[in-house]
Amino acid sequence: DSADDGGVWLIDKSNVEEAVGAKILINEFKAVLSENQCDVLDNCILRGLSNSEYARIKGVSEAAIRKTINKIREKAKIFF
């Protein structure tokens, strides 16, 4: 199911090299993120869980999730 593919659903499945490369790149990017940032990346960005739903599950504010996503984006600008 596409929710478990780590964002590789964005890649043309007929291009195996591209799919493998994307998974490797995502894993390398996760190495520069905190555990919390990795969790938000996996759930909100790659799997598409809404910020409000994820915040409810984690028991935090939606603003905290948005702040974490902004930090992930800042790191992505440097990484990519």
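Below is a short write-up of the structure. Given the structure is predicted, the values throughout are model-derived calculations rather than measurements.

1. Notes on the side chain of Gln37
Next, step 1: Inspection of the secondary structure puts Gln37 in helix H2 (residues 35-46).
Next, step 2: At 2.9 Å, the side chain of Gln37 forms a polar contact with the backbone nitrogen of Ser34.
Next, step 3: Leave out the neighbours within four places in its chain, and Gln37 touches Thr68, Lys71, Ile72 and Lys75.

2. Focus: the nonpolar core
Next, step 1: Of all hydrophobic cores here, the largest spans 14 residues; its most connected members are Phe29, Leu33, Val40, Leu41, Cys44, Ile65 and Ile72.
Next, step 2: Only helix H1 (16-30), H2, helix H3 (51-58) and helix H4 (62-79) provide two or more residues apiece to this core.
Next, step 3: By residue number, the principal contributor to this core is H2, which donates five residues.
Next, step 4: Every residue in contact with Leu41, bar those within four places of it in the chain, is listed here: Phe29, Lys30, Leu33, Leu46 and Ile72.

3. Let's talk about a nonpolar patch on the surface
Next, step 1: Residues Val16, Val20 and Ile24 make up a contiguous nonpolar surface patch of roughly 260 Å² in combined accessible area.
Next, step 2: Within the secondary structure layout, Ile24 lies in helix H1.

4. Comments concerning the packing of H2 against H3
Next, step 1: At a minimum axis separation of 10 Å, H2 and H3 run at an interaxial angle of 135 degrees. Between H2 and H3, the angle is such that the two are oblique. The hand of the H2/H3 crossing is right-handed. For the pair H2 and H3, the contacting residues are Asp39, Val40, Asn43 and Cys44 in the first and Asn51, Tyr54 and Lys58 in the second.
Next, step 2: Residue classes in the contact of H2 with H3 are distributed as three nonpolar, two polar and two charged.

5. A few points about the packing of aromatic side chains
Next, step 1: Under the criterion given, the structure shown has three aromatic pairs.
Next, step 2: A ring pair is formed by Phe29 and Phe80, whose centres lie 5.2 Å apart and whose planes are at 45 degrees; its orientation type is tilted. Here Phe29 is found in helix H1, whereas its partner Phe80 is found in the segment after H4, with 51 residues between them in sequence.
Next, step 3: Residues Phe79 and Phe80 carry aromatic rings whose centres are separated by 4.8 Å and whose planes lie at 80 degrees to one another, so their mutual orientation is edge-to-face.
Next, step 4: The exposure class of Phe79 is partly exposed, given its relative accessible area of 29%.
Next, step 5: You can call Phe80 exposed: its relative accessible area is 55%.
Next, step 6: Three or more aromatic residues link up through ring pairs in this structure, and these residues are Phe29, Phe79 and Phe80.

Rules and cut-offs
Residues numbered from 1 in each chain as written. Predicted model: local features only at pLDDT ≥ 70, side-chain atom pairs only at ≥ 80, totals over all residues. Heavy atoms only, no water. Helix = DSSP H or I, 4+ residues; strand = E, 2+ residues; numbered from the N terminus. Polar contact = N/O pair within 3.5 Å; in protein donor to acceptor, adjacent residues only side chain to side chain. Contact = heavy atoms within 4.5 Å. Core = buried A, V, L, I, M, F, W, Y, C linked by side-chain atoms within 4.5 Å. Buried < 20%, exposed > 50% of the residue type's maximum accessible area, 1.4 Å probe, protein only. Patch = residues over 30% accessible without salt bridge, like charges linked within 9 Å, V, L, I, M, F, W, Y side chains within 5 Å. Areas by Shrake-Rupley, 256 points an atom, 1.4 Å probe, with all protein chains shown as cover. Salt bridge = Lys/Arg side-chain N within 4 Å of Asp/Glu carboxyl O. Axes fitted to C-alpha atoms, helices over the stretch in contact; angles between N-to-C directions. Parallel < 35°, antiparallel > 145°, perpendicular 65-115°, else oblique. Left-handed = near helix turned anticlockwise from the far one by under 90°. Nonpolar A, V, L, I, M, F, W, Y, C, P; charged D, E, K, R; others polar. Phe/Tyr/Trp six-rings, centres within 6.5 Å; stacked < 30°, edge-to-face > 60°.

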